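These are the residues of each chain, in order.
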Amino acid sequence: MVTAKTLQYLVYGFLAVIVAIVFQQINTSMTEQGIASGGPYNNGAAYPRSVAIAIMVLMVGQFFVDRFAVPTEDAPVNTSDLRRPVLLLIVFAIYLGVLKTLGYHLTTTPLIFAIMLICGARNLLKLALVALTMSFVFAFIFEKFLNVVLPGGIFSLNIAW
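Residues numbered from 1 in each chain as written. Predicted model: local features only at pLDDT ≥ 70, side-chain atom pairs only at ≥ 80, totals over all residues. Heavy atoms only, no water.

Student: Even after reading the chapter, I still don't get the layout of surface pockets, so can you show me in this structure?
Tutor: By rolling a water-sized probe across the atoms, one finds the places where empty space is left. Its volume calculated, the largest pocket comes out at about 2100 Å³. What lines the largest pocket is a set of 45 residues, among which Tyr47, Pro48, Phe92, Leu96 and Leu99 lie closest to the centre. Those elements that place two or more of their residues in the lining of the largest pocket are α1 (4-32), α2 (46-68), α3 (83-102), α4 (104-118) and α5 (124-145). Taken together, the residues of the lining of the largest pocket sort by class into 35 nonpolar, 9 polar and 1 charged. (1 Å grid on protein atoms, 1.4 Å probe; cavity = no way out; pocket = protein on both sides within 12 Å on 5 of 7 lines; lining within 4 Å. Points joined across faces, edges and corners; volume = space filled by probe spheres on them. Helix = DSSP H or I, 4+ residues; strand = E, 2+ residues; numbered from the N terminus. Nonpolar A, V, L, I, M, F, W, Y, C, P; charged D, E, K, R; others polar.)

Structural data, given as structure tokens:
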């Protein structure tokens, strides 16, 4: 049986790997494409770098909170408690796997819908409306204000804002 402390260290490791992958992609692939330089408005690496730095800062902060907090009993974690986080990771992995092929507009709405469903929301009509709205708002912000071209996929679905 996995304990809470072991699970915490696994999460720290997972997040550290994600941050490392982001910086590796910025320093290799994005640099080779010429999109990892310039100011924040014309730099394709600015947003992922900012998110990775935020994750690092929060992770270090949480590590110190955990390290210096009053010790508690290291209770075992039931496998059923891990169902939701594992489902979220699987859904996100599937999303990343099909994003380039199907494009942003065909994958993001189902992703948001699935995340809300896994997290406990049950009104399917509201879920669909919120997922669709969020997907288009994110697309508008990224394409109109941040000048990020979102993947169009095999159908080349892009909205001319």
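Student: Whenever I open this one, α3 confuses me. Can you help?
Tutor: A turn of α-helix holds 3.6 residues, and therefore any two residues three or four places apart point the same way. With 20 residues, α3 should reach 28 Å at 1.5 Å per residue; the first-to-last C-alpha distance of 27 Å fits that figure. At Leu96, α3 shows its maximal bend, which comes to roughly 25°. If you check which residues of α3 are buried, you get Val91, Tyr95 and Leu99. Where α3 is buried, its residues contact α4. Residue Gly103 follows α3 closely and has a positive phi angle near 95°. (Expected span 1.5 Å × (residues − 1). Bend = angle between axes of the 7 residues up to and from the residue. Buried < 20%, exposed > 50% of the residue type's maximum accessible area, 1.4 Å probe, protein only. Contact = heavy atoms within 4.5 Å.)

Student: Would you mind going over the environment of Ile55 with me for this structure?
Tutor: Relative to the assigned elements, Ile55 resides in helix α2. For Ile55, a relative accessible area of 25% corresponds to the partly exposed category. In this structure the C-alpha to C-alpha distance between Ile55 and Leu15, which are 40 residues apart in sequence, comes to 7.5 Å. Ile55 has contacts with Leu15 and Val19, leaving out every residue within four places of it along the chain.

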